[in-house]
Amino acid sequence: MSYRICLVVLTMLMGLIGCSQLRQTGQTVVDSNGVLQDSTERYLGNHQYRVRVTGSTIVFNGQAEQLFRRRAEQYTASLGCRSWKVLEYKAGTENTLLGARQYAEGVVECL
């Protein structure tokens, strides 16, 4: 293949990889480490919220848990909670078109 064709193919593949990193809700969140992530929160009642974070395919082992903790802290602080605690928690990986993606989710209570 010629150099130009390789460059075009490489550019298209990089674009697809970037698209796979976008948040499912159409928004992109970047933490201080520059890792793209998806974050959702849902009110369950009795000051309890389900928080779910999904890291990009470049998230390393253990980072999904850190992203969950950071998002739970940010979200409960935005609600005016003095503190919070985790009632339920689970983490794992889910398959995507371009590889496995880590996630962490749980139920937090606003105190």
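This write-up is about the structure you can find in this document. (Residues numbered from 1 in each chain as written. Predicted model: local features only at pLDDT ≥ 70, side-chain atom pairs only at ≥ 80, totals over all residues. Heavy atoms only, no water.)

Once their charged atoms are close, side chains differing in charge can pair, the charge on each being opposite to the other. According to the stated counting rule, one finds 8 salt bridges in the structure shown. Here Lys85 ties to Glu109 by a salt bridge, and the two come within 3.9 Å at their closest N and O atoms. In this pair, Lys85 is assigned in strand E4 (residues 84–96) and Glu109 in strand E5 (residues 99–110), connecting sequence segments 24 residues apart. For the salt bridge of Lys90 with Glu105, the shortest nitrogen-to-oxygen distance reads 4.0 Å. Linking Lys90 in strand E4 with Glu105 in strand E5, this pair joins segments that are 15 residues apart in sequence. On the accessibility criterion, Lys90 (46% relative accessible area) is partly exposed. Shared partners join several salt bridges into a network, and the residues in it are Arg50, Arg52, Glu88, Lys90, Glu94 and Glu105. (Salt bridge = Lys/Arg side-chain N within 4 Å of Asp/Glu carboxyl O. Helix = DSSP H or I, 4+ residues; strand = E, 2+ residues; numbered from the N terminus. Buried < 20%, exposed > 50% of the residue type's maximum accessible area, 1.4 Å probe, protein only.)

When you line up the elements, Gly106 lands in strand E5. Counting along the chain gives 34 residues from Gly106 to Ala72, while the straight-line C-alpha distance between them is 9.2 Å. Contacts of Gly106, omitting those with residues within four sequence positions, involve Tyr49, Arg50, Val51, Phe68, Glu88 and Tyr89. (Contact = heavy atoms within 4.5 Å.)

Okay, the nonpolar core next. In terms of nonpolar packing, the biggest core is built from 13 residues, with Tyr49, Val53, Phe68, Ala104 and Val108 touching the most fellow members. Looking at this core, the elements that each hand over two or more residues are strand E3 (48–55), helix H2 (63–78) and E5. It is H2 that provides the largest number of residues to this core, a total of 5 residues. Non-local contacts of Phe68, meaning those with residues more than four positions away in its chain, are made with Val51, Val53, Val86, Tyr89, Ala104, Glu105, Gly106 and Val108. (Core = buried A, V, L, I, M, F, W, Y, C linked by side-chain atoms within 4.5 Å.)

With that settled, the discussion passes to the pairing of E5. With 10 of 12 residues buried, E5 lies mostly within the body of the structure. With 12 bridges connecting them, E4 and E5 associate as antiparallel partners. Residue pairing across strands places Asn95 opposite Ala100, the latter belonging to E5. (Pairing = 2+ DSSP bridges.)

Scanning the entire structure with this criterion turns up 1 disulfide. Bridging Cys81 to Cys110, the disulfide has an S-S length of 1.4 Å. Taking the torsion about the sulfur-sulfur bond, which here is approximately -115°, the covalent link between Cys81 and Cys110 counts as left-handed. Here Cys81, found in the loop between H2 and E4, pairs with Cys110, found in strand E5; they are 29 residues apart in sequence, far enough to count as distant. Both residues of the pair, Cys81 and Cys110, count as buried. (Disulfide = S-S within 2.5 Å.)

Next up on the list: unusual backbone geometry. The backbone phi angle of Asn46 is positive, close to 55°, even though this residue is not glycine. Here Asn46 shows up in the loop between strand E2 (36–45) and E3.

The final tally for this structure, using the stated rule, is 3 aromatic pairs. Here Tyr43 and Tyr49 contribute two aromatic rings whose centre-to-centre distance is 5.0 Å and whose plane-to-plane angle is 50°, an arrangement assigned as tilted. The exposure class of Tyr43 is partly exposed, given its relative accessible area of 49%. With a relative accessible area of 10%, Tyr49 lands in the buried category. Measuring from centroid to centroid gives 5.6 Å for Tyr49 and Tyr75, while their planes differ by 80°, and the two rings are edge-to-face. With a gap of 26 residues between them, Tyr49 in strand E3 and Tyr75 in helix H2 connect regions that are remote in the sequence. Neither residue differs from the other here; Tyr49 and Tyr75 are each classed as buried. Here the aromatic cluster, defined as three or more aromatic residues joined through ring pairs, consists of Tyr43, Tyr49 and Tyr75. (Phe/Tyr/Trp six-rings, centres within 6.5 Å; stacked < 30°, edge-to-face > 60°.)

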